[in-house]
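Understanding the architecture of this molecule
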Amino acid sequence: MKGNGHLPVLLMLLVAVVGGAPAEERLLHAPRVPAGAWRVPFFLHTGRPPAEAPVLTARAGGESLAVSFRPLGEGAWSLFLEHPLFFLVPEETLLVRVLIDGEDPFGLRSIPIVVRDDRWNVLSADEEGYLVLWEPDGGGGMTAIDSIDIGDRADAIALLRGGPGEGARAVVFNENGDLVLRGGATGFRELQRVPFGGRASCVGSGGDPGSCLIGLLDGRIVRVGGRGRGEVEVIASVRGIPVSVAVGFVDGDDVPDLMATVLEMERSTLVWWPGRRGAGFDRDRERTIPLPGSGRMVLFVPLPGEERPVPLILLHGGAAAISGVFRIEVPQEEPLGERLEPIDLPGLPERNVHRLLAGDWNGDGLTDLAVLAGGGQSSLEVFLLDPGGEKGRLVERLPVDGPEVDLLVGDWDGNGVDDLMAVEGRFRIWLADGSGKMYELPHPPSGRPARADLLSGP
């Protein structure tokens, strides 16, 4: 270090996009900062145009400074506080105050500096056959903490929670048709290899952090897990290509069921297998239900007024102009077409849609949605849902390179609001500012990832 020994404060301007301004002053930041962080983001909404840029004053460990926010437009402001001397010592406290035209609307904020206790990790696989494990860096990005050369390109990957003392487990379905389970307390050593043959078509959660589902192009659906077990088994097969798989509660009982959207030669179907008490799914009670469009994805999503997540389906209707997100109510006798309840998401019916994501983009505790739409130049359409979960308001349109990307939802900067990540040969991260707006992280992690998965929760 030079001069007075302080590293400079770097204020990074995030990319602004069109959206409505909030009506009240709000300061959004992580409730704690991990020791060793380099950049800590702050978002501010003034609700009224100030005469000059708001100022953040910060103090920790005998060091102090005052820096100005940079405007994002529409009453929104941001800064990245970069001063590692603040964040070196666990159990210290970062004290911050914001002044807007000389007024102090929020009072003194105390942000503890803590030993890293990361509640999420990301696993990525690149085109050269490397697996990389990442952890949050405290500023919306990630730091690589482990890597291994697996020698094969991955069709699909998943990051699962292991048993006690085992650490996380990596599931890799490679281009040679092998399903490889890696893990253990000391790194991603190979635990199990199953030669299935064929190629993977999709991957989904198995219903808990210790399991996953992988669909194969030949119609088989494979389950890996659950918690602490290395079980790998084919649990179902379909006449066609499974393009999405999901586990959740469908028919009102307390046993989780399996659903898949399937592409057949001349139609698209939704296939449902009721769960069996104890374990597994009842293949003898399989139901195949024709869809009035191309079923791109099924996802179980928490909605207001529902005790459990409900199944939503993303349909592409092409010339029929019925593309969109629909709530599924599985009947006992009636055709499914009479029980598809649309969620009103403006602009989707005429778009080519590919992926459905759920998260809380504005921190109000309610589920919101995002849809990957378009062709070669695709975009993530970000919607805030109304309290009834019946209608969405488009708040963002985030450009991505195309439909064949991996997309993740997570709180990358720890401020309690879900953010978005696209994996498209590079990492792109958009941080949510608490109003529904999202701003692209200007210093994303380096690398050439082709696939990625997120493991979060205890």
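Our subject is the structure that appears above.
So, here's what we can say about the structure.

Conventions adopted
- Residues numbered from 1 in each chain as written.
- Predicted model: local features only at pLDDT ≥ 70, side-chain atom pairs only at ≥ 80, totals over all residues.
- Heavy atoms only, no water.
- 1 Å grid on protein atoms, 1.4 Å probe; cavity = no way out; pocket = protein on both sides within 12 Å on 5 of 7 lines; lining within 4 Å.
- Points joined across faces, edges and corners; volume = space filled by probe spheres on them.
- Helix = DSSP H or I, 4+ residues; strand = E, 2+ residues; numbered from the N terminus.
- Nonpolar A, V, L, I, M, F, W, Y, C, P; charged D, E, K, R; others polar.
- Salt bridge = Lys/Arg side-chain N within 4 Å of Asp/Glu carboxyl O.
- Buried < 20%, exposed > 50% of the residue type's maximum accessible area, 1.4 Å probe, protein only.
- Core = buried A, V, L, I, M, F, W, Y, C linked by side-chain atoms within 4.5 Å.
- Contact = heavy atoms within 4.5 Å.
- Phe/Tyr/Trp six-rings, centres within 6.5 Å; stacked < 30°, edge-to-face > 60°.
- Lys NZ or Arg CZ within 6 Å of the ring centre and 35° of its normal.
- Pairing = 2+ DSSP bridges.
- Axes fitted to C-alpha atoms, helices over the stretch in contact; angles between N-to-C directions.

1. Considerations on the layout of surface pockets
Gaps left between atoms show up when a probe the size of a water molecule is rolled over them. In this structure, the second largest pocket spans a volume of roughly 260 Å³. Lining the second largest pocket are 15 residues, with F249, V250, G252, E306 and V310 sitting closest to its centre. Every element with two or more residues in the lining of the second largest pocket is listed here: β26 (310-316) and β27 (324-328). Tallied by class, residues from the lining of the second largest pocket come to seven nonpolar, one polar and seven charged.

2. Quick look at the pattern of salt bridges
For side chains of opposite charge, pairing can occur when their charged atoms come near one another. Counting across every chain of the model gives 22 salt bridges. Where R327 meets E306, a salt bridge forms, and the shortest distance between an N and an O atom there is 2.3 Å. In this pair, R327 sits in strand β27 while E306 sits in the loop between β25 (294-301) and β26, placing the two residues 21 residues apart along the sequence. Taking relative accessible area as the criterion, R327 reaches 22% and is therefore assigned partly exposed. Connected through shared salt-bridge partners, D401, E424, R426, R428 and E440 make up one network.

3. Thoughts on the nonpolar core
Within the largest apolar cluster, 39 residues are counted, with the highest numbers of intra-cluster contacts made by V122, L380, W412, L420, M421 and W430. A per-element tally of this core places strand β35 (residues 427-432) first, with five residues. If sequence neighbours within four positions are ignored, L420 has contacts with L357, W361, L380, V382, L398, L408, V409, W412, R428, I429, W430 and M438. One finds V67, W77, L79 and L81 within the second-largest nonpolar core, a separate group that totals 25 residues.

4. With respect to the environment of A246
Relative to the assigned elements, A246 resides in strand β21 (residues 241-248). In this structure A246 comes out as buried when scored by relative accessible area, which is 7%. Along the sequence, A246 and G204 sit 42 residues apart, while their C-alpha atoms lie 5.9 Å from each other. What A246 contacts, discounting residues up to four positions off in sequence, is L213, D257, L258, M259, V298 and F300.

5. Some remarks on the packing of aromatic side chains
Using the criterion set out here, one finds four aromatic pairs in the structure. For the ring pair W120 and W412, a centre distance of 4.9 Å and an interplane angle of 70 degrees mean the geometry is edge-to-face. With W120 in strand β10 (residues 120-126) and W412 in the loop between β33 (406-410) and β34 (419-423), this residue pair connects regions lying 292 residues apart in the sequence. Side by side, W120 and W412 carry an identical accessibility label, which is buried. Positioned above the aromatic ring of F249, the side-chain terminus of R308 is 4.1 Å from the ring centre.

6. Some words on the pairing of strand β13 (residues 154-161)
Along any regular strand the residues' side chains alternate between the sheet's two faces. Counting buried positions along β13 gives eight out of eight residues, so the element sits mostly inside the fold. Taking the residues that link successive antiparallel strands as the turn, the β13-strand β14 (residues 168-174) hairpin has six residues, and the phi of G165 there is positive, at about 75 degrees.

7. Here's the deal with unusual backbone geometry
Unlike most non-glycine residues, E74 shows phi in positive territory, near 55 degrees. Within the secondary structure, E74 sits in the loop between β6 (70-73) and β7 (76-81).

8. A closer look at empty space enclosed by the protein
Overall, the coordinates contain one cavity of 30 Å³ or more when judged by the stated rule. Each pocket or cavity is described by its volume, and for the largest cavity that value is around 50 Å³. Sorting the residues of the lining of the largest cavity by element identifies β14 and β15 (178-183) as the ones contributing at least two each. Across the lining of the largest cavity, the residue classes break down as three nonpolar, one polar and three charged.

9. Focus: the sheet that holds strand β20 (residues 232-237)
Within the open sheet, the four strands sit side by side as β17-β18-β19-β20. Their pairing is antiparallel. This sheet does not close on itself; its edge strands, each paired only once, are β17 (200-205) and β20. Averaged over all pairs of adjacent strands, the angle between strand axes in this sheet comes to 25 degrees, irrespective of strand direction. Summarising the sheet, β17 and strand β18 (residues 212-216) pair through five bridges and their orientation is antiparallel.

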